[in-house]
Amino acid sequence: MSKYYSATEVATREYLHDLQSERLVKTVRSCYEHIPFYKKKLDEAGIKPEDIKSIDDITKLPFTIKQDLRDNYPFGLFAVPKEKLVRVHASSGTTGKQTVVGYTKNDIDVWSESTARALTAAGATRSDYIHISYGYGLFTGGLGLHYGAEKLGATAIPVSSGNTQRQVQILKDFGSNVLCCTPSYALHIGETIRQMGMDPKELPLRIGIFGAEPWSEKMREELENSLAIKAYDIYGLSEIAGPGVAYECCERNGMHVSEDYFYPEIVDPDTLEPLPDGEYGELVFTCIGKEALPLIRYRTRDIASISHEKCACGRTLVKMSKPKGRSDDMLIIRGVNVFPSQVEHVILTLGMEPNYQIIVDRINNLDTMTVKIEMSDTMFSDSVKKIEDSEKKIKAAMQTILGVSANISLVEPKTLPRFEGKAQRVIDNRKI
Amino acid sequence: MYIKQISIFVENKPGRLADITGILADNKIDIRALSIADTTDYGILRLIVNDPDTALEKLKAAGITSSITNVLAIGIPDEAGAFSDAIRTLSAKGINVEYAYAFITPEAGAAYVIIRVEDNDAAAEALKGTSIKLIGQQEIFNQSK
């Protein structure tokens, strides 16, 4: 097995430029012909598909935002008829509406290739057992890594998330070599290994590929000590494909972007003007190798930088930094994207006043979210049971809309901060 | 023959109970009986006071979540098995006691218990003709003077 999965990873910049140009031209034409939303958008911007001649023309194109996916919910932005679709995934949306993404057979291949590249870059080979503890289902994490592992020819162990003691048993009994999950869950697994009286050093596990939530160099140290492994970051988002859009190599100083499929740009989030290498701004992707959902200049809201500096690993693919923040207020709780507006939506739907506060903590390496809500005359009762019933109702609604559980804490009225202008409702105590 | 009980939402944080009882003290509200139901995050303070309407008004004015609940006060003999008899009488009629709290009374040989039931009338009816008597709001305070 070679050090790279695809030859494109080490192709010359000229070759990449030509490939990207050819693919962008094709993508824009397809979007214009098959997606009414893009036809309208390009027409409004006065751009014809034939104006796009090379990848350098990408800055002429308009941006796409998450709201566009919501406005065209569920399948309005798909460029292919349903006979060509083979799968959909979805992530939670801000007002209960999910963001739905679709894949053709070819798209699944592109995505699998990307995760196979990520696995290879982290040192995994076809003789490894790949233990996948990302959730399987509408979330892209589980199936994304799973298909990559199979594409690589390794053995995928689709454990999915939860039941940590069983995870540890499988790590030991099956002899998993590579662990794929969120970094916080990995730390939790590490703790459980020790609680179960095992020494991580004695397990065959040697590589961890961690994503779906941001993590720092400090956390890398913790992960490596806790699990006796080498830890690698992986980046992705369902709108673009899923995990594997970018991934760390042995150098571990940035993530190589599979830019032959997902073309990255960094723009100023306010002016939307492109920013040069090394400068932090909003990360924008254009899908140039996808059929079902070829988003053009999709604004990820992640703040990162990119670098074309030559990497010692030999890959010529551009590298992106670890995202260092968001240009919106999205939170990532146990790998699930949560917007404060979703919490507000639940509160308003239940007929309560939108005075709330979201407290995020990391307890025993697991993210916890507590929503503080002010007690009201209508919710109050002399009976604990009735108040608890109201709490349960709120909790259930949060779980449904957010896709992740939240604790509810009732506080006295008028004790939560009030805001004029932009509200700061989130207190994130996590030290990542 | 109901008694007006004040129910108050109290967040579990230091000094909160002192603040609330302070408001009652400042307004010369006399507390005859109290109980606190507590959970991890908050408690419900339940009070029997001499002037529930004024108490509620003052608490609300201070921004405290509070309400008036009609409860029953029963007088039972101060002897073994008396409370059990009372509860069994209610239970035999299918009346569930959600919570109860007792308090001492200067009346010799009697104990007073506040009980919260879903249907006060049905409970009052069930106790009719037994040795258990219903106590009125004024009665509680007259006797305590």
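Owing to the predicted nature of the structure, the values given are computational and were not obtained by experimental measurement.

**Student:** Help me out: how do you make sense of the sheet that holds strand E9 (residues 255-257) of chain A in this one?
**Tutor:** Working definition: the strands of a sheet are paired by backbone hydrogen bonds and lie parallel or antiparallel to each other. Residue and element names in this part refer to chain A. Ordered in space as E4-E3-E5-E6-E7-E8-E9-E14-E13, the nine strands form an open sheet in which the pairing is mixed. Two strands close off the open sheet at either side, each with one partner strand: strand E4 (155-157) and strand E13 (306-307). With two bridges joining them, E13 and strand E14 (residues 319-320) adopt antiparallel strand pairing. Bridged to Ile-306 within E14 is Met-320. Against the sheet, helix H4 (residues 105-121) contacts strand E3 (129-132), strand E5 (178-181), strand E6 (207-210), strand E7 (230-237) and strand E8 (242-248), and its axis sits at roughly 35 degrees relative to E8. Of the strands in this sheet, E3, E4, E5, E7 and E8 are in contact with helix H5 (residues 140-152), which crosses E8 at around 65 degrees.

**Student:** I keep staring at the sheet that holds strand E21 (residues 426-428) of chain A and nothing clicks. Help me out?
**Tutor:** Residue and element names in this part refer to chain A. On the basis of which strands lie adjacent, the open sheet formed by four strands has the order E20-E19-E18-E21 and mixed pairing. Each edge of the open sheet carries a strand with a single partner, namely strand E20 (407-411) and E21. If you compare each strand with its neighbour and ignore which way they point, the axes differ by 20 degrees on average. Sheet analysis places strand E18 (residues 356-363) next to E21, joined by three bridges and oriented parallel. Following the sheet pairing, Val-360 is matched in E21 by Asp-428. Here helix H10 (residues 384-402) sits on the sheet in contact with strand E19 (366-374) and E20, set at roughly 135 degrees to E20.

**Student:** Looking at this model, I keep getting lost on the domain arrangement of chain A. Mind explaining?
**Tutor:** Interfaces are often sized by the amount of accessible area the parts lose when they come together. Residue and element names in this part refer to chain A. Domain assignment breaks chain A into domain 1 (7-328) and domain 2 (336-428). For domain 1 and domain 2, the distance between their C-alpha centres works out to 31 Å. With 16 residues of domain 1 in contact, the opposing surface of domain 2 contributes 13 residues. Taken together, domain 1 and domain 2 are joined by one salt bridge. Here Glu-213 ties to Arg-362 by a salt bridge, and the two come within 3.4 Å at their closest N and O atoms. Breaking the side of domain 1 that touches domain 2 down by element, the ones donating at least two residues are helix H7 (183-195) and helix H8 (217-227).

**Student:** In this structure, what is going on with the nonpolar core? I would like to understand it.
**Tutor:** As a rule of thumb, nonpolar side chains are buried together in soluble globular proteins. Residues Tyr235(A), Phe285(A) and Met320(A) are the most contacted members of the largest nonpolar core, which totals 48 residues. With four residues, the single largest contributor to this core is helix H1 (residues 13-34) of chain A. Residues Ile347(A), Met369(A), Val371(A) and Phe9(B) belong to the second largest nonpolar core, which totals 29 residues.

**Student:** Explanation requested: the interface of chain A and chain B in the structure shown.
**Tutor:** Counting residues at the interface gives 19 residues for chain A, matched by 24 residues for chain B. Each partner contributes to the roughly 1600 Å² buried at the junction of chain A and chain B, and carbon and sulfur atoms together form 50% of this total. Sorting the residues of chain A by area buried against chain B places Phe380(A), Asp382(A) and Glu412(A) first, and these three jointly supply 46% of that buried surface. One can count three salt bridges joining chain A with chain B.

**Student:** Got a minute to help me understand the side chain of Ser91(A) in this structure?
**Tutor:** Residues and elements named next belong to chain A. In this fold, Ser-91 is placed in strand E1 (residues 85-91). For Ser-91, a relative accessible area of 15% puts it in the buried group. Excluding residues within four positions of it along the chain, Ser-91 makes contact with Lys-66, Gln-98, Thr-99 and Ser-238.

**Student:** What's the story with the domain arrangement of chain B in this structure? I'm lost.
**Tutor:** Residues and elements named next belong to chain B. If you check the domain split of chain B, you get domain 1 (3-69) and domain 2 (70-144). Once you take the C-alpha centre of each, domain 1 and domain 2 turn out to be 22 Å apart. Every contact between the two is made by 16 residues of domain 1 and, on the other side, 18 residues of domain 2. The largest per-residue losses of area from domain 1 upon contact with domain 2 belong to Ile-3, Arg-32 and Thr-69, which jointly make up 52% of the total buried on that side. The interface formed by domain 1 and domain 2 contains zero salt bridges. At the boundary of domain 1 and domain 2, one finds six residue pairs in polar contact (both at pLDDT 80 or more). For the side of domain 1 that touches domain 2, the elements supplying multiple residues, two or more each, are strand E1 (3-11), strand E2 (31-38), strand E3 (42-49) and strand E4 (66-77). Broken down by class, the residue content of the side of domain 1 that touches domain 2 amounts to eight nonpolar, four polar and four charged.

Cut-offs used in this document
- Residues numbered from 1 in each chain as written.
- Chains lettered and ligands numbered in written order.
- Predicted model: local features only at pLDDT ≥ 70, side-chain atom pairs only at ≥ 80, totals over all residues.
- Heavy atoms only, no water.
- Pairing = 2+ DSSP bridges.
- Helix = DSSP H or I, 4+ residues; strand = E, 2+ residues; numbered from the N terminus.
- Contact = heavy atoms within 4.5 Å.
- Axes fitted to C-alpha atoms, helices over the stretch in contact; angles between N-to-C directions.
- Domains from an automatic or database assignment.
- Salt bridge = Lys/Arg side-chain N within 4 Å of Asp/Glu carboxyl O.
- Core = buried A, V, L, I, M, F, W, Y, C linked by side-chain atoms within 4.5 Å.
- Buried < 20%, exposed > 50% of the residue type's maximum accessible area, 1.4 Å probe, protein only.
- Buried area = accessible area lost by both parts, 1.4 Å probe.
- Polar contact = N/O pair within 3.5 Å; in protein donor to acceptor, adjacent residues only side chain to side chain.
- Nonpolar A, V, L, I, M, F, W, Y, C, P; charged D, E, K, R; others polar.

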